[in-house]
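# Survey of secondary and tertiary structure
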Amino acid sequence: QVQLVESGGGLVQAGGSLRLSCAASGRTFSSYTRGWFRQAPGKEREFVTSIRWSDGIAYYADSVKGRFTISRDNAKNTVYLHMNNLKPEDTAVYYCAARTTSISEYNVWGQGTQVTVSS
């Protein structure tokens, strides 16, 4: 069974930084795209960023452009989310997800990691 395991969440002051990691475990699988989503209390889950595994092309939500960076380590089958200049509105549970083919939805999800930004 394939699993995505997030780590790196925590409590940080506004203006601070965190790095989240998302490692694949279990049966080896290849991601077409790996992405990060987040869900704040009382809100729907929203897209944050994604990276195409083959060429590293990345996409970002407008709310995080210039502050967040997604990167990947092919050898470790791990994706990272570097978050800088964090704001209280970034507080949410962050989920890693993968699309395993070019035509699939995000079909593998992690359990989520909490990020809390204090003002």
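Structure: above.
Worth saying up front: this structure is predicted, and the values here are computed from it rather than measured.

## Considering the pairing of strand E9 (residues 92-99)
Judged by how many residues are buried, E9 sits mostly within the fold: seven of eight residues are covered. When strand E4 (residues 33-39) meets E9, the two strands line up antiparallel, connected through seven bridges. Bridging from a neighbouring strand, Trp36 pairs with Cys96 of E9. Where E9 meets strand E11 (residues 113-118), three bridges bridge the pair, whose relative direction is antiparallel. Bridge pairing in E11 links Ala92 to Val115.

## A closer look at the pairing of E11
Here is the key point about a regular strand: its side chains alternate between the two faces of the sheet. Burial of E11 is one-sided: the residues Thr113, Val115 and Val117 facing one way are buried, the residues Gln114, Thr116 and Ser118 facing the other way are not. Pairing between strand E2 (residues 10-13) and E11: four bridges, direction parallel. Within E11, the position partnered with Val12 by the bridge is Val117.

## Focus: the nonpolar core
Counting residues in hydrophobic clusters, the biggest one holds 26 residues, and the most contacted among them are Trp36, Phe68, Val79, Met83 and Tyr94. Broken down by secondary-structure element, the contributors of at least two residues to this core are strand E3 (18-25), strand E5 (46-52), strand E7 (68-73), strand E8 (78-83), E9 and E11. Element by element, the count of residues in this core is highest for E9, at four residues. Leave out the neighbours within four places in its chain, and Phe68 touches Arg38, Val48, Tyr60, Leu81, His82, Met83, Asn84, Leu86, Asp90 and Tyr94.

## Focus: the environment of Ala61
If you trace the backbone, Ala61 turns up in the loop between strand E6 (58-60) and E7. Overall, the relative accessible area of 16% leaves Ala61 in the buried class. Setting aside anything within four residues of it in sequence, one finds Ala61 in contact with Phe47 and Val48.

## Section: the sheet that holds E8
Taken in spatial order, the four strands make up an open sheet running E1-E3-E8-E7, and their pairing is antiparallel. In the strand order of this sheet, the two ends are held by strand E1 (3-7) and E7, each with one partner. Neighbouring strand axes in the sheet, compared pairwise and without regard to direction, differ in orientation by 20° on average.

## A few points about unusual backbone geometry
Glycine aside, residues mostly have negative phi, and peptide bonds are mostly found in the trans state. At Asn77, a residue that is not glycine, the phi angle is positive and equals roughly 50°. Positionally, Asn77 belongs in the loop between E7 and E8. One non-glycine residue, Asn85, lies in the positive phi region at around 50°. Along the chain, Asn85 turns up in the loop between E8 and E9. We classify Asn85 as partly exposed; its relative accessible area is 43%.

Calculation notes
- Residues numbered from 1 in each chain as written.
- Predicted model: local features only at pLDDT ≥ 70, side-chain atom pairs only at ≥ 80, totals over all residues.
- Heavy atoms only, no water.
- Buried < 20%, exposed > 50% of the residue type's maximum accessible area, 1.4 Å probe, protein only.
- Helix = DSSP H or I, 4+ residues; strand = E, 2+ residues; numbered from the N terminus.
- Pairing = 2+ DSSP bridges.
- Core = buried A, V, L, I, M, F, W, Y, C linked by side-chain atoms within 4.5 Å.
- Contact = heavy atoms within 4.5 Å.
- Axes fitted to C-alpha atoms, helices over the stretch in contact; angles between N-to-C directions.

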